[in-house]
Amino acid sequence: MRYGIALGVMMAFAQNTLTLSGYVRDAASREPLAGAKVLVPERNVGVVTNPYGYYALRLPAGRYTIVAQFIGYKSETLAVSLKADLRHDFALQEEGVELRSVEIVETYEQRRFESAAISENRIDVQRLKKLPAFFGEVDILRSLAFLPGVATAGDGSGSFFVRGGSFDQNLILLDEAVVYNPGHIGGIFAAFNSDALQEAKIYKGYMPPEYGGRLSSVLDVRLREGNSPKWTAAGGIGVISSRLNIEGPLLKDRAGLLLTARRSYADLFLLLARDPELQRTALYFYDLTAKLNYTLSDKHRLYLSGYFGRDVFRNTFLDFNWGNATTTLRWNFIPSPHLFINTLVFYSKYDYAFLVESGRNQARFSSGIEDIGWRSDADYYLSEQLKLRFGASLVRHTFLPGQLRPTSDTSNVRPFSVPSLRGVEAAAYLQTGYKFGMRWLVEGGIRWAGFGLLGPATLYSFSPERVVQDTLSYGMGRLIDAWGGIEPRISVRYALSEKWALKGAGGRVQQFLHVATLSPVGLPTDIWWPTTLNVRRQDGYQLALSLQGTPQWKHHTLDVSWEIFYRWMQNIVDFRSGADIFLNPQLERELIQGRGWAYGSEWMIQKLTGKLTGWLSYTYSRSFRYIPEITPKPFPNYIDRPHQATMVLQYSLTPRWELGITGIYATGRPITLPVAKYIYDGQVIGVYNERNNRRMPDYHRVDVSLTWTAAKREGKRWISSWNFSLYNVYGRRNMWALRLRQDENNPNVQRAYNLYLFRWVPAVTYNFRF
């Protein structure tokens, strides 16, 4: 009752207030600054800009001092006499040589400390460019492995795993469109060109209600808007790839364009090889990113962004290519100063194809997934202390499990395909936050998510022994079945003091899409599959408790956090032993489901100021699976690594030289080895009793880099730098895979061989901007 009265009082108050609104932008590039703070010291209130840099403050009429702040920028102060609704855009100057005496008033970590955010990290793209890079390629995905609670499968894998989840339980967004395979060359390089990125955030546990559809995490990657007031170009020339970025105005103060391109050229070096087979080998990737923005008026703005990336591997024996394509059309609409609406439609596709050859017969196998979606989100600034965010989305999925087509009329291969499946995923949410007194802050909301399986489709019912009992056919457009439910989310902060806070969070997430894969690390040949009558939706819950602080140490600001979590998952997907996933119309017969759980504790300490910056982290966590059809008792998950420690350090030697050092240690991941053997027809056959019954050796390495930035000449626009890096300084042979082979001298004996990918990997990259 009293909360209803309080809400009524706030709404009545809102009717007697005025609105100060606008955007906070970078003064040089005109890029919007998402997450900037706009404060009113006189009333001890403030607001954070939304993902598009927009803010709105509801205030009574009067005189105020308005302060705009953002990470790494000089604050800007505005004295205003508010007598009517007022629009004001802030343009903040980035901290640079001419601003070294300016005190940076805030960092992302300090802002995170003040909110109820938990299990959240921001990846600073500019900082990554000065740290060691594999083959000189700045890689957002590889950088995630240095965060607590995030693990990788090791060298040669771009898949990441969060708090005991599988790789397909991560939602990866590029400008709000889903990316299904975020890696190039099997995951060695990220699919994202760093020159096109504004920022990236990962939510490892608590997800704001606007996100859903995956159990483990959200990686939200945002492209820059391309708002530069003048034409500029930038790029880099590396050992294995090069990139180019061009941006500028098409119409002054109305339209801007951003274009980036990247290509690897390792295959060009193969032309110098003596082996004719290597000379005929093609192995490369390329990607293109573009974004166009157009300002119709102060209330309407349009954005069109696109990404297209492709990988090619071709030689005498193999012809394989795969890639992603996304397109997003976004409309920002401000119907009133205190209401901001973002509406978009998007298209996303991932597909792969490879050549199958038998004698003179050739055919091409292809598979993929395709999405067309709509989404609308709104920010409503109700009062000084209360903001509502709400929205809805609708996505149509088309699943393409596989088809085989002959490549010529002379081929004897008959065309064959597994029928495609279709489904619609819908969601709606409401989230808000409110501060109670000086100590309590509550953020959260509620989300509804559902999935409907649509015809045409041919499905099967199976007996407990996995024998087909019946064939079920459904016509075009028919709703076969639907699943859904409520997903509550809540995060609470209690201020212990000005420097320390205790936080807790919890929530539920549903996942309606699954991956059929023969490798738990994720491969380009994965097959996506929907929730059906036989494959149940995955359901996940997580609880987390955190202690965060921003203490001072010798006049330097530190960010300290300790977090414990527990999560459990229902209906996780795996495969029966010996499963056949390619061109199998009864693929569901091979899928089995069970439950999983994970728990752990994460420590992290960051030094945010001074010549030496960076962080140290340690994670203790366990992850288990229980799938009765595999083994009668629980077993460690593939990515169960109890101990992981990381180090990321950056030291400014001089104004032009910077040293970067990264290090990582992790317990070896589990593998399955035979416990006995027998000989059949002259071959040694292994006998297995448990899944993941052994571990690989521990993984560890140290990387180092040195960045030299040329002095900027007065009147010259050219800015350049050199980055020298060495991956795996001490040449550790980290195991990538274990292979069992028969001993040539004694066929009755099997020997284990350590397969590793990389030891010392030096790289040099020249970066430029003009």
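Here we summarise the structure given alongside this text. (Residues numbered from 1 in each chain as written. Predicted model: local features only at pLDDT ≥ 70, side-chain atom pairs only at ≥ 80, totals over all residues. Heavy atoms only, no water.)

## Quick notes on the overall build of the protein chain
Then comes step 1: For the protein chain, the helix and strand inventory stands at six helices and 52 strands.
Then comes step 2: A globule of 770 residues ought to have a C-alpha radius of gyration of about 27 Å, and the protein chain, at 27 Å, matches this closely.
Then comes step 3: Of all 770 residues assigned to the protein chain, the portion counted as buried reaches 55%.
Then comes step 4: The long-range share in the protein chain, meaning contacts at least 24 apart out of those at least 6 apart in sequence, stands at 65%.
Then comes step 5: In the form shown here, the protein chain has an accessible surface area of approximately 34,200 Å², with 58% of it arising from carbon and sulfur atoms.
Then comes step 6: In the protein chain, the 89 positive side-chain charges and the 69 negative ones have mean positions that sit 2 Å from each other. (Helix = DSSP H or I, 4+ residues; strand = E, 2+ residues; numbered from the N terminus. Rg over C-alpha atoms; globule rule 2.2 N^0.38 Å. Buried < 20%, exposed > 50% of the residue type's maximum accessible area, 1.4 Å probe, protein only. Contact = heavy atoms within 4.5 Å. Areas by Shrake-Rupley, 256 points an atom, 1.4 Å probe, with all protein chains shown as cover. Lys, Arg positive; Asp, Glu negative; His and termini not counted. Charge placed at Lys NZ, Arg CZ, Asp CG, Glu CD.)

## Observations regarding the sheet that holds strand β2 (residues 37-40)
Then comes step 1: The strand order β3-β2-β5-β6 describes an open sheet built from four strands, whose pairing is antiparallel. Each edge of the open sheet carries a strand with a single partner, namely β3 (45-48) and β6 (76-82). Neighbour to neighbour, the strand axes of the sheet diverge by 20° on average, direction disregarded. (Pairing = 2+ DSSP bridges. Axes fitted to C-alpha atoms, helices over the stretch in contact; angles between N-to-C directions.)

## Description of the environment of Asn-361
Then comes step 1: Note that Asn-361 resides in strand β25 (residues 361-381).
Then comes step 2: Measuring from C-alpha to C-alpha, the distance between Asn-361 and Arg-262 comes to 36 Å, with 99 residues separating the pair along the chain.

## Overview of unusual backbone geometry
Then comes step 1: For the bond from Gly-455 to Pro-456, the omega torsion is 5°, close enough to zero to count as cis.
Then comes step 2: Note on placement: Pro-456 falls in the loop between β29 (440-454) and β30 (457-462).
Then comes step 3: Phi is positive for Arg-30, close to 65°, though the residue is something other than glycine.
Then comes step 4: Note that Arg-30 resides in the loop between β1 (18-26) and β2.
Then comes step 5: Here Asn-44, not a glycine, exhibits a phi torsion of approximately 55°, which is positive.
Then comes step 6: Looking at the secondary structure, you find Asn-44 in the loop between β2 and β3.
Then comes step 7: Overall, the relative accessible area of 61% leaves Asn-44 in the exposed class.

## Observations concerning the side chain of Glu-588
Then comes step 1: Looking at the element boundaries, Glu-588 is found in the loop between β38 (556-575) and β39 (591-607).
Then comes step 2: Buried charged residue Glu-588 carries no salt bridge. Nearest counter-charge: Arg-466, at 7.9 Å.
Then comes step 3: Among the polar contacts listed, one links the side chain of Glu-588 to the side chain of Trp-529, at a separation of 3.3 Å.
Then comes step 4: Setting aside anything within four residues of it in sequence, one finds Glu-588 in contact with Tyr-460, Phe-462, Arg-466, Trp-529, Thr-532, Asn-534 and Val-535. (Salt bridge = Lys/Arg side-chain N within 4 Å of Asp/Glu carboxyl O. Polar contact = N/O pair within 3.5 Å; in protein donor to acceptor, adjacent residues only side chain to side chain.)

## Re the sheet that holds strand β12 (residues 170-174)
Then comes step 1: Read across the sheet, five strands follow the order β9-β16-β17-β12-β13 without closing on themselves; strand pairing throughout is mixed. In this open sheet, the two edge strands, each paired with only one partner strand, are β9 (120-123) and β13 (177-178).
Then comes step 2: The pairing of β12 with β13 spans two bridges and is antiparallel. Residue pairing for β13: Leu-174 is matched across the bridge by Ala-177.

## With respect to the nonpolar core
Then comes step 1: Ranked by internal contacts, the top residues of the largest apolar core, which has 50 residues, are Tyr-352 and Leu-513.
Then comes step 2: Apart from residues lying up to four places away in sequence, Tyr-352 is in contact with Phe-320, Asn-321, Trp-322, Phe-365, Ser-366, Ser-367, Pro-524, Thr-525, Asp-526, Ile-527 and Phe-582.
Then comes step 3: Among the nonpolar cores identified, the runner-up in size contains 41 residues, and Ile-123, Phe-160, Ile-188 and Leu-197 belong to it. (Core = buried A, V, L, I, M, F, W, Y, C linked by side-chain atoms within 4.5 Å.)

## What to know about the side chain of Ser-216
Then comes step 1: Among the structural elements, Ser-216 can be located in the loop between β16 (197-203) and β17 (217-223).
Then comes step 2: A relative accessible area of 1% means that Ser-216 is categorised as buried.
Then comes step 3: Among the polar contacts made by the side chain of Ser-216, one reaches the side chain of Arg-567 at a distance of 3.2 Å.
Then comes step 4: With sequence-adjacent residues up to four places away left out, Ser-216 is seen in contact with Val-162, Gly-165, Ser-166, Gln-169, Asn-170, Tyr-203, Lys-204, Gly-205, Met-207 and Arg-567.

## Remarks on the pairing of β29
Then comes step 1: Sheet topology note: the strand β28 (residues 421-436)/β29 ladder contains 15 bridges and is antiparallel. Within the sheet, the bridge partner assigned to Ala-426 lies in β29 and is Gly-450.
Then comes step 2: Counting the residues in the hairpin turn of β28 and β29 gives three residues, including Gly-437, whose phi is positive at 65°.
Then comes step 3: Note that β29 and strand β32 (residues 479-495) share 15 bridges and pair antiparallel.

## Re the pattern of salt bridges
Then comes step 1: Throughout the structure, instances matching the rule amount to 30 salt bridges.
Then comes step 2: A salt bridge links Asp-195 to Arg-243; its shortest N-O distance comes to 2.8 Å. Highlighted residues: Asp-195 in the loop between β15 (189-190) and β16 and Arg-243 in strand β19 (residues 241-251), separated in sequence by 48 residues. Here Asp-195 and Arg-243 have matching classes, each one buried.
Then comes step 3: The closest approach of N and O atoms between Asp-640 and Arg-622, which form a salt bridge, is 3.0 Å.

## Details of empty space enclosed by the protein
Then comes step 1: Applying the stated criterion across every chain yields a total of 10 cavities of 30 Å³ or more.
Then comes step 2: The calculated volume of the largest cavity comes to roughly 380 Å³.
Then comes step 3: Lining the largest cavity are 26 residues, and of these Val-178, Gly-212, Arg-375, Ser-393 and Val-395 sit closest to its centre.
Then comes step 4: Elements with a minimum of two residues in the lining of the largest cavity: β12, β17, β25, β26 (387-406) and β28. (1 Å grid on protein atoms, 1.4 Å probe; cavity = no way out; pocket = protein on both sides within 12 Å on 5 of 7 lines; lining within 4 Å. Points joined across faces, edges and corners; volume = space filled by probe spheres on them.)

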